[in-house]
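# Chain and residue survey
So you can see what is in the structure, the chains are spelled out below.
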Amino acid sequence: MKENRYKNVLAVGVGGQGLITFGRVLAEAAILNGVKVLTAEVHGMAQRGGSVVTHIRIGDVESPLIPLKGAHVIVSMELLEAARYINYANKKTLLILNRRLIRPNVPGVKMPKMSDIIEKIKSSGLKTVVLDGDKLAEEAGSYVSANMVMLGALLGSKILDGFVKLEDVEKVISRMPEPWREINIKALKLGYSSYSKAATSDSD
Amino acid sequence: MSKVFLEQAGKTVLLMGNEAIARGAVEAGISFASAYPGTPSTEIVETLARYANVLGIHVEWSTNEKVAFEAAYGAAMSGVRALTCMKHVGLNVAADPLMSSAYTGVRGGFVIVTADDVGMWSSQNEQDNRWYGLHAFIPVFEPYSPAEAKDLTKEIFNFSEKFEHPVILRTTTRISHARGPILLGELRKPVEGEFLKDVKRWVLVPAHARKLRPKLLERWSKIEEAVNDFPFNKIENPGSKKVIVACGITYGHVVDVLKEIDKLDEITVLKISSTVPVPRKLVVEAVKDAEEVLVVEELEPIVEEKIKAIVQEEGITVKVHGKDLVPREGELTLNRVAESLIKFLNVSKQSIPWLETNQEISIEVPPRPPTLCPGCPHRATFFALKKAVSKLKIKPVYLGDIGCYTLGLNPPYRVQDTCIEMGGSIGAANGLAITTKQPMIAIIGDSTFFHAGIPPLINAVYNNTPFLTIILDNRTTAMTGHQPHPGTGITASGKTAKIIRPEEIAKSIGVEYIDVVNPFKLDETAEKIAKALKFIEEKGKPAVVVSLRKCALLVASDARRKNIKIPVYRVDLEKCTACTRCYNVFACPAIQVLEDNKAYIDPTLCVGCGDCAQVCPVKAIEPTIKPGKEWKELWW
């Protein structure tokens, strides 16, 4: 029963990838559905192209922070960040990852290969679904909307069923100005429909 | 950001904690709000500024926290409700008027927000500003959630006005930058004030202050009594042998952990929102029949020590735990609170699913520290500065300051040998340039210069202290999210203002060597910095170089707004020799690395500053379109 009181969504990536908007849209949709929500995000110095994380807790919660090993799902906009925050996962955690690698701006940094990092994450044994978020976003109209693709994929995973409805997310996005309203809704839908495809191909 | 801010009463909307505090202040009917931006406090006044004209209230970005405090204090003297906001270390700057404000009191409600950065996400320390409340005899209130932040803000305006005394609202990063559903209340209209002359109250000469001091202590006793009935303090499930005292934000963590172990309806919880002064009667009532008490509070044992004193004075035999079980440093998280509660309540870890899992999943990855943005003019200045220094074959000490440019401490730049506090670069140079023979270079941003850089520069002119001050003028307060300041020509609420230029200040105070440079002309900037350093060496006097170009984030957003095409740069892979200079020595994050170590410029990140083209030794980098005049003008 405890398990169904709330859902912990950890969204991670690199400063500038739209994680604050991701959290805000999801949280506003939860409120439209009459479900309580708390989010925690980081502003200021930590944000300048650094590693960023947004905690989103939906349901019967009072604290805005997700405990380590306490995420039901981790949505990652970037693969190094997915690996960095994997300590928020437990055996049952679902990982939804964007297939993108961004080099940290550190002189001489040794970068792992994309395939190696995906392999490493998968070897943790967690259910892992990888999507081409940036490509799908460009298909929707702008690379900037990759965050909405990943939000669509999160809803497509059905893990938030009973907490957040796709139509409420669309309602929240439709308050945005054009052209973002149209592009973001397209991105959201592309993410939503791509999830199951990606999930099947990843389990192969 | 949140258009929902002005929605009508009765609606539930998602607001960030800082927006909720702003809404609470408007529901309380403030007429005046002032602040200097600082994480995690910035969005309170930023939000109010956006709606200032609609609401008919005065909202301003003040030059620094001391001025912001004094301005709001002045407004509250006149009988209107006033708000001032700052980050924790900002209250150090404003500590002087803070102490005085308790002596005189105020006529209109006066709320001082201190946004403490527990965990140091964006600050030089994690000082606990509840000490200021004890020090100044000013009550401190702490919300546990964004929703409570709104209601508490509104309530403490009444509290302040009732006692004609200032109050502190202490928030932390996880309240200020958390979002949650907020039930909106009615808005109250601002009013006009009137200053009523009363020299015995407002003129703090010793003779008056001596008479005000016993009155202050008397007021404090009344406040100590009143917090026992403060509606945000409460006792839940009275009567258990083990009692948890949850202060401010920790209440949410405590409730969530108690739910996980199915003890929420069993354990007595004393929730304290007025942590200074501690509500004595509530404490006695909650702990009188208990055997053990655990005080859960972030940072210092302020409530813990007070409760230990209370039980001793009241003759209650109870063991009071606090910092023996709860960490003193850093943020309290659910994990840390759970560990403390499990020990205190003597329950098994197995009862919490996320604690029982032994398996720790972790993967090692390279660090990703925050970094200067693509096109950042600071990077260009740093590159030119290093070039000048290496040409002169000198080894200067770089005195850093607070702003985006603090990131210059990292390789490859390494041009921040100190970073103390706002204005500390020029300040410390005044000593270091005297006691050493090393060349001193103070590096400070425009907003920080206006905030606290002017008095130490006057000091350098007055005492004839030889060092170079480089003012990195990007025409905004960038780190906190682009707030205007006295050099920008615009006020918080969008009105046109006089532009105050740093080089004109330097000139008027008597600096004899002043130069203004365009950092994107790398060689020219390097030469001009070298010339300034030579002047200092020869004449033994201070010099100032203003490095003037707009923040790249502003330029990129202006370009989008005005529909001006950004001349994105590209690498000609035929010419690129994989020398790594552009991404390892210049280190622009828009430059990515291909498998053969050649460079690739990500067109989604490049903002067209063109610096990398000057840095490339084989001229392999070129713009995709010719940068136009319109484009160049955006950077001014």
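Computed from a prediction, not measured in an experiment: that's the story for all the values here. (Residues numbered from 1 in each chain as written. Chains lettered and ligands numbered in written order. Predicted model: local features only at pLDDT ≥ 70, side-chain atom pairs only at ≥ 80, totals over all residues. Heavy atoms only, no water.)

Of regular secondary structure, chain A possesses seven helices and six strands. Counting from the amino terminus, chain A carries its helices and strands in the arrangement β-α-β-β-β-α-β-α-β-α-α-α-α. Its C-alpha atoms give chain A a radius of gyration of 16 Å, within 12% of the compact-globule value 17 Å for 204 residues. Once the C-alpha set of chain A is aligned to its principal axes, its extents read approximately 50 × 40 × 40 Å. (Helix = DSSP H or I, 4+ residues; strand = E, 2+ residues; numbered from the N terminus. Rg over C-alpha atoms; globule rule 2.2 N^0.38 Å.)

Below, the discussion takes up the overall build of chain B. A count of helices and strands for chain B gives 24 helices and 23 strands. For chain B, whose C-alpha radius of gyration is 27 Å, the value lies close to the compact-globule estimate of 26 Å for 636 residues. Summarising its shape, the C-alpha atoms of chain B cover approximately 80 × 70 × 55 Å along the three principal directions. Taking contacts inside chain B between residues at least 6 apart in sequence as the whole, the part at least 24 apart equals 78%. For chain B, the exposed area adds up to about 25200 Å²; of that, 53% sits on carbon and sulfur atoms. (Contact = heavy atoms within 4.5 Å. Areas by Shrake-Rupley, 256 points an atom, 1.4 Å probe, with all protein chains shown as cover.)

Time to look at the sheet that holds strand β8 (residues 178-183) of chain B. Pairing is mixed in the open sheet, where eight strands are placed in the order β6(A)-β5(A)-β4(A)-β1(A)-β3(A)-β2(A)-β8(B)-β1(B). In the strand order of this sheet, the two ends are held by β6 (127-131) of chain A together with β1 (12-16) of chain B, each with one partner. Adjacent strand axes in the sheet meet at a mean angle of 20° when their direction is disregarded. Bridge count between strand β2 (residues 37-40) of chain A and β8 of chain B: two bridges; the pairing is antiparallel. Paired with Ala40 of chain A across the two strands is Ala178 of chain B, which belongs to β8 of chain B. Strands β5 (94-98) and β6 of chain A of the sheet are contacted by helix α3 (residues 114-122) of chain A, whose axis makes an angle of about 155° with β6 of chain A. (Pairing = 2+ DSSP bridges. Axes fitted to C-alpha atoms, helices over the stretch in contact; angles between N-to-C directions.)

Okay, the pairing of strand β16 (residues 440-445) of chain B next. For a regular strand, the rule is simple: side chains alternate between the two faces of the sheet. All names here are of chain B. Counting buried positions along β16 yields six of six residues, so the element is predominantly enclosed. Both faces of β16 are covered, namely the face carrying Met440, Ala442 and Ile444 and the face carrying Ile441, Ile443 and Gly445. For β16 and strand β17 (residues 468-473), the ladder comprises five bridges, and the chain directions are parallel. Bridge assignment links Ile443 to a residue of β17, and that residue is Ile470. Handedness of the β-α-β unit built from β16, helix α18 (residues 446-462) and β17 comes out right-handed. (Buried < 20%, exposed > 50% of the residue type's maximum accessible area, 1.4 Å probe, protein only. Right-handed = clockwise from strand over helix to strand, strands pointing away.)

To continue, consider the environment of Thr12 of chain B. Tracing the sequence through the fold places Thr12 of chain B in strand β1. C-alpha of Thr12 of chain B to C-alpha of Ile182 of chain B: the two residues are 170 residues apart in sequence and 5.2 Å apart in space. Residues contacting Thr12 of chain B, with those up to four places away along its chain left out, are Ile31 of chain A together with Pro181, Ile182 and Leu183 of chain B.

On to the interface of chain B and chain A, then. Opposite the 70 residues of chain B that make contact, chain A presents 63 residues. When the two sides are added together, the surface that chain B and chain A hide from each other amounts to roughly 5700 Å², 58% of it contributed by carbon and sulfur. Summed over the shared surface of chain B and chain A, the result is seven salt bridges. Two residues, Arg179 of chain B and Glu41 of chain A, come together in a salt bridge whose shortest N-O distance is 2.7 Å. Elements supplying a minimum of two residues to the side of chain B that touches chain A: β1, β8, α11 (250-260), α14 (334-345), α15 (353-356), α22 (581-586) and β21 (591-593) of chain B. Examining the composition of the side of chain B that touches chain A, we find that six residues originate from one element, α11 of chain B, more than from any other. Grouping the constituent residues of the side of chain B that touches chain A by class yields 36 nonpolar, 20 polar and 14 charged. (Buried area = accessible area lost by both parts, 1.4 Å probe. Salt bridge = Lys/Arg side-chain N within 4 Å of Asp/Glu carboxyl O. Nonpolar A, V, L, I, M, F, W, Y, C, P; charged D, E, K, R; others polar.)

All names here are of chain A. Going through the model one piece at a time under the given rule, you end up with 52 salt bridges over all chains. Ionic pairing is found between Arg84 and Glu81, a salt bridge with its closest N-O pair at 2.8 Å. Taken together, the positions of Arg84 and Glu81, both in helix α2 (residues 79-84) and three residues apart, correspond to about one turn of that helix. We classify Glu81 as buried; its relative accessible area is 0%.

Further remarks concern the environment of Glu142 of chain B. Residue and element names in this part refer to chain B. Among the secondary structure elements, Glu142 is positioned in the loop between β6 (140-141) and α7 (146-163). A residue is classified by how much of its surface remains accessible, and Glu142, at 5% relative accessible area, is buried. Each C-alpha atom, one on Glu142 and one on Val205, is 33 Å from the other, the two residues being 63 residues apart in sequence. In contact with Glu142, not counting residues within four places along its chain, are Arg130, Glu148, Leu152, Arg170, Gly248, Ser273 and Thr275. Looking at Glu142, its side chain comes within polar contact range of the side chain of Thr275, at 2.7 Å. (Polar contact = N/O pair within 3.5 Å; in protein donor to acceptor, adjacent residues only side chain to side chain.)

Another point: the packing of helix α1 (residues 19-32) of chain A against helix α5 (residues 146-156) of chain A. In helix packing, the relevant descriptors are the interaxial angle and the interaxial distance, both defined with respect to the helix axes. Residues and elements named next belong to chain A. Running from N to C, α1 and α5 point in directions that differ by 40°, and their axes come no closer than 9 Å. It follows that α1 is oblique to α5 by the angle criterion. Once α1 is placed against α5, the crossing between them reads as right-handed. On the side of α1, the interface is formed by Thr21, Phe22, Val25 and Leu26, while α5 contributes Asn147, Met148, Met150, Leu151 and Leu154. (Parallel < 35°, antiparallel > 145°, perpendicular 65-115°, else oblique. Left-handed = near helix turned anticlockwise from the far one by under 90°.)

Domain parsing of chain B yields domain 1 (3-228), domain 2 (233-353), domain 3 (377-549) and domain 4 (563-633). Taking only C-alpha atoms, the centre of domain 1 of chain B and the centre of domain 4 of chain B are 47 Å apart. (Domains from an automatic or database assignment.)

Side chains of a nonpolar character, in soluble globular proteins, are inclined to be buried together. Residues and elements named next belong to chain B. Counting 68 residues, the largest nonpolar core has Leu48, Leu83, Leu98, Phe110 and Phe159 as the members making the most contacts within it. Take this core: its biggest share by element is seven residues, from helix α2 (residues 43-55). Residue contributions to this core reach at least three from each of two domains, namely domain 1 (3-228) and domain 2 (233-353). Not counting residues within four places of it along the chain, the set of residues in contact with Leu98 comprises Phe69, Leu91, Ile112, Tyr132, Ala136, Ile138 and Ile168. (Core = buried A, V, L, I, M, F, W, Y, C linked by side-chain atoms within 4.5 Å.)

Residue and element names in this part refer to chain B. Considering all chains together, one arrives at 19 aromatic pairs over all chains under this definition. Measuring from centroid to centroid gives 5.1 Å for Phe5 and Tyr51, while their planes differ by 15°, and the two rings are stacked. Of the two residues, Phe5 sits in the segment before β1 while Tyr51 sits in helix α2, which places them 46 residues apart along the sequence. Here Phe5 falls in the buried class, since its relative accessible area comes to 1%. Over the ring of Phe344 we find Lys242; its NZ or CZ atom is 5.5 Å from the centre of that ring. Taking the ring centre of Tyr251 as reference, the NZ or CZ of Lys271 above it sits at 5.5 Å. (Phe/Tyr/Trp six-rings, centres within 6.5 Å; stacked < 30°, edge-to-face > 60°. Lys NZ or Arg CZ within 6 Å of the ring centre and 35° of its normal.)

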